[in-house]
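Notes for the structure review
So the chains spell out like this:
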There are 2 protein chains.
Amino acid sequence: MKTDPESYQQMAQRRKAGFERKKAAATREKGLLIVHTGNGKGKSTAAFGMALRVLGHGMRLGVVQFIKGALHTAERDFFESAANCDWVTVGDGYTWNTQDRAADVATARKGWEIAQQMIASKNYRMIVLDELNVVLKYEYLPLDEVLAVLNSRPDALHIVVTGRHAQERMIEAADLVTEMRLVKHPYRVQQIKAQPGIEF
Amino acid sequence: MKTDPESYQQMAQRRKAGFERKKAAATREKGLLIVHTGNGKGKSTAAFGMALRVLGHGMRLGVVQFIKGALHTAERDFFESAANCDWVTVGDGYTWNTQDRAADVATARKGWEIAQQMIASKNYRMIVLDELNVVLKYEYLPLDEVLAVLNSRPDALHIVVTGRHAQERMIEAADLVTEMRLVKHPYRVQQIKAQPGIEF
């Protein structure tokens, strides 16, 4: 790259102009449907990072954790004790621990009823539906029903849906979609175990 | 997918067996070099989500923010007031705002000196080097020097490096690499502006 002062300044000016142009064109405010999917790490973690921002702004946060993550304890402790947050964990563990489809369907339905109440209440600025993509992948809930509710969300509400295997129609419905792609993982290659602060 | 109870149970059992096998093989603990890169959102946000976990476990956290993000205020407020966290923001703004390469190099150097002191101190369980990839992409710091320090980090220290354009050698040195890939972004397409709780 060119590093002489003049080229550098020109490059910086072009960047700044582009940034300002985009910013000026973006004038709408809207409750977003945000999807984090992919086989990599950071889907729920980034959702909870946004959730932290929402609390930081004094706004109200709702969380429904559809698949109880035994490893999510540290942030769960934090959010559960936060003043502006309602956190609900449903589910008896990972799918492959219950080994009972009817039970998993009932659990998903329970979580979805709570999520619908939260959405309808208009009490929240953001609602995180953690691992909902996985629930839909396994067809524990009808996609049509879920999308109808998400698409008719209140104007000011951001909804964040996480989990692998986001359905194509979920991606179509979303405003903002990020795929967390696994490039390199230590547990497989180096046989390093899950560690506090990283995984839970 | 097969949803009859017997197939379901067999699938669940196979999954559980695979999960247990991997878990049993993974016995090592190690301070990880973690890289979040890509053109999508969630790189810093997921790093701060992990940082929240670290604090939740009562462990000490260090953060050096190499490129001052005017938009990061909500989580910055939270972490700066947290008891177990040292948060340092260097830099006078985005590259395209300073328009002065020598100043940007000096700023990067200042942040790197602080980062090195944090790493050498052995006081931290996790250190987040926010936007270091961008610093290296612009060659504000020599990659050789940075990698030598990261590779000789203390055993128990996790280092998280964020930013677009991670260098190939950074990826090679890392234990865990996730690419946040932009699938769909509302600001470009729908001209929706940055909103509190989402972007800052």
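Structure report, in brief. This one's a predicted model, so the numbers in the text were calculated from it and none came from an experiment. (Residues numbered from 1 in each chain as written. Chains lettered and ligands numbered in written order. Predicted model: local features only at pLDDT ≥ 70, side-chain atom pairs only at ≥ 80, totals over all residues. Heavy atoms only, no water.)

**Details of the overall build of chain A**
- Along its length, chain A carries nine helices and six strands.
- Expressed as a percentage of its 200 residues, the buried residues of chain A come to 55%.
- Taking all contacts inside chain A whose residues are at least 6 apart in sequence as the whole, residues at least 24 apart take part in 77%.
- Accessible area for chain A stands at about 8700 Å²; split by element, carbon and sulfur atoms hold 48% of it. (Helix = DSSP H or I, 4+ residues; strand = E, 2+ residues; numbered from the N terminus. Buried < 20%, exposed > 50% of the residue type's maximum accessible area, 1.4 Å probe, protein only. Contact = heavy atoms within 4.5 Å. Areas by Shrake-Rupley, 256 points an atom, 1.4 Å probe, with all protein chains shown as cover.)

**What about the environment of Asn151(B)?**
- Here Asn151(B) lies in helix H7 (residues 143-151).
- It is 8.3 Å that separates the C-alpha atoms of Asn151(B) and Leu33(B), two residues lying 118 residues apart in sequence.

**What to know about the interface of chain A and chain B**
- Chain A puts 79 residues into the contact, and the matching count from chain B is 79 residues.
- Counting the surface lost from both chain A and chain B, the interface buries some 7300 Å², and carbon and sulfur atoms represent 59% of this.
- The largest contributions to the chain A side of the interface with chain B come from Tyr8(A), Arg53(A) and Lys184(A), which together make up 11% of the buried area.
- The interface formed by chain A and chain B contains four salt bridges.
- Across the salt bridge formed by Arg53(A) and Glu75(B), the nearest N and O atoms sit 2.9 Å from each other.
- Inspection of the chain A/chain B interface yields 18 residue pairs in polar contact (both at pLDDT 80 or more).
- Elements supplying a minimum of two residues to the side of chain A that touches chain B: helix H1 (5-25), helix H2 (43-56), helix H3 (73-80), helix H4 (95-98), helix H5 (101-121), helix H8 (168-173), strand S6 (176-184) and helix H9 (186-190) of chain A.
- A per-element tally of the side of chain A that touches chain B places H1(A) first, with 10 residues.
- Of the residues assigned to the side of chain A that touches chain B, the class counts are 35 nonpolar, 21 polar and 23 charged.
- The pairing of S6(A) with strand S6 (residues 176-184) of chain B spans seven bridges and is antiparallel. (Buried area = accessible area lost by both parts, 1.4 Å probe. Salt bridge = Lys/Arg side-chain N within 4 Å of Asp/Glu carboxyl O. Polar contact = N/O pair within 3.5 Å; in protein donor to acceptor, adjacent residues only side chain to side chain. Nonpolar A, V, L, I, M, F, W, Y, C, P; charged D, E, K, R; others polar. Pairing = 2+ DSSP bridges.)

**Section: the nonpolar core**
- One finds Leu61(A), Phe79(A), Leu61(B) and Phe79(B) to be the most contacted residues of the largest nonpolar core, which totals 44 residues.
- The set of elements that each furnish at least two residues to this core consists of H2, strand S2 (61-65), strand S3 (85-89) and strand S4 (126-130) of chain A together with helix H2 (43-56), strand S2 (61-65), strand S3 (85-89) and strand S4 (126-130) of chain B.
- For Leu61(A), the residues in contact, after removing those within four places along its chain, are Ala51(A), Val54(A), Leu55(A), Phe79(A), Asn84(A), Cys85(A), Asp86(A), Tyr124(A), Met126(A) and Val128(A). (Core = buried A, V, L, I, M, F, W, Y, C linked by side-chain atoms within 4.5 Å.)

**Quick look at the packing of aromatic side chains**
- This model, assessed by the stated rule, comprises 11 aromatic pairs over all chains.
- Ring geometry for Phe78(A) and Phe79(A): centres 5.1 Å apart, planes at 80°, overall edge-to-face.
- Note on Phe78(A): relative accessible area 22%, which makes it partly exposed.
- By relative accessible area, which is 0% here, Phe79(A) ends up buried.
- Centre to centre, the rings of Phe48(B) and Phe79(B) are 5.7 Å apart; their planes meet at 40°, and the pair counts as tilted. (Phe/Tyr/Trp six-rings, centres within 6.5 Å; stacked < 30°, edge-to-face > 60°.)

**Section: the pairing of S6(B)**
- When strand S1 (residues 33-37) of chain B meets S6(B), the two strands line up parallel, connected through four bridges. Considered in S6(B), the bridge of His36(B) is made with Thr178(B).

**Details of the pattern of salt bridges**
Residue and element names in this part refer to chain B.
- In the structure shown here, the tally under the stated rule is 18 salt bridges over all chains.
- A salt bridge links Arg 60 to Asp 86, with the shortest nitrogen-to-oxygen separation between them at 3.1 Å. Of this pair, Arg 60 sits in the loop between H2 and S2 while Asp 86 sits in strand S3, placing them 26 residues apart in sequence.
- Taking the relative accessible area as the measure of exposure, Asp 86 reaches 26% and is therefore partly exposed.
- Salt-bridge contacts for Glu 145 lead to Arg 109; the nearest nitrogen and oxygen are separated by 2.8 Å. Note that Glu 145 is positioned in helix H7 and Arg 109 in helix H5 (residues 101-121), a separation of 36 residues in sequence.
- Using a relative accessible area of 28% as the deciding quantity, one classes Arg 109 as partly exposed.

**Side note on the environment of Met59(A)**
- Residue placement: Met59(A) occurs in the loop between H2 and S2.
- For the pair formed by Met59(A) and Cys85(A), sequence separation is 26 residues and the distance between their alpha carbons is 8.9 Å.
- Residues within four places of Met59(A) in sequence aside, it is in contact with Val54(A), Asn84(A), Arg125(A) and Pro196(B).

**As for the relation of the copies chain A and chain B**
- The operation relating chain A to chain B is a screw motion whose rotation component is 180°, with 0.0 Å of axial translation and a residual RMSD of 0.0 Å. Here the copies are linked by what is in effect a two-fold axis. Within chain A, the C-alpha atom positioned nearest to the axis of rotation is that of Ala46(A), 1.9 Å from it. (Least-squares fit on C-alpha atoms with pLDDT ≥ 70 in both.)

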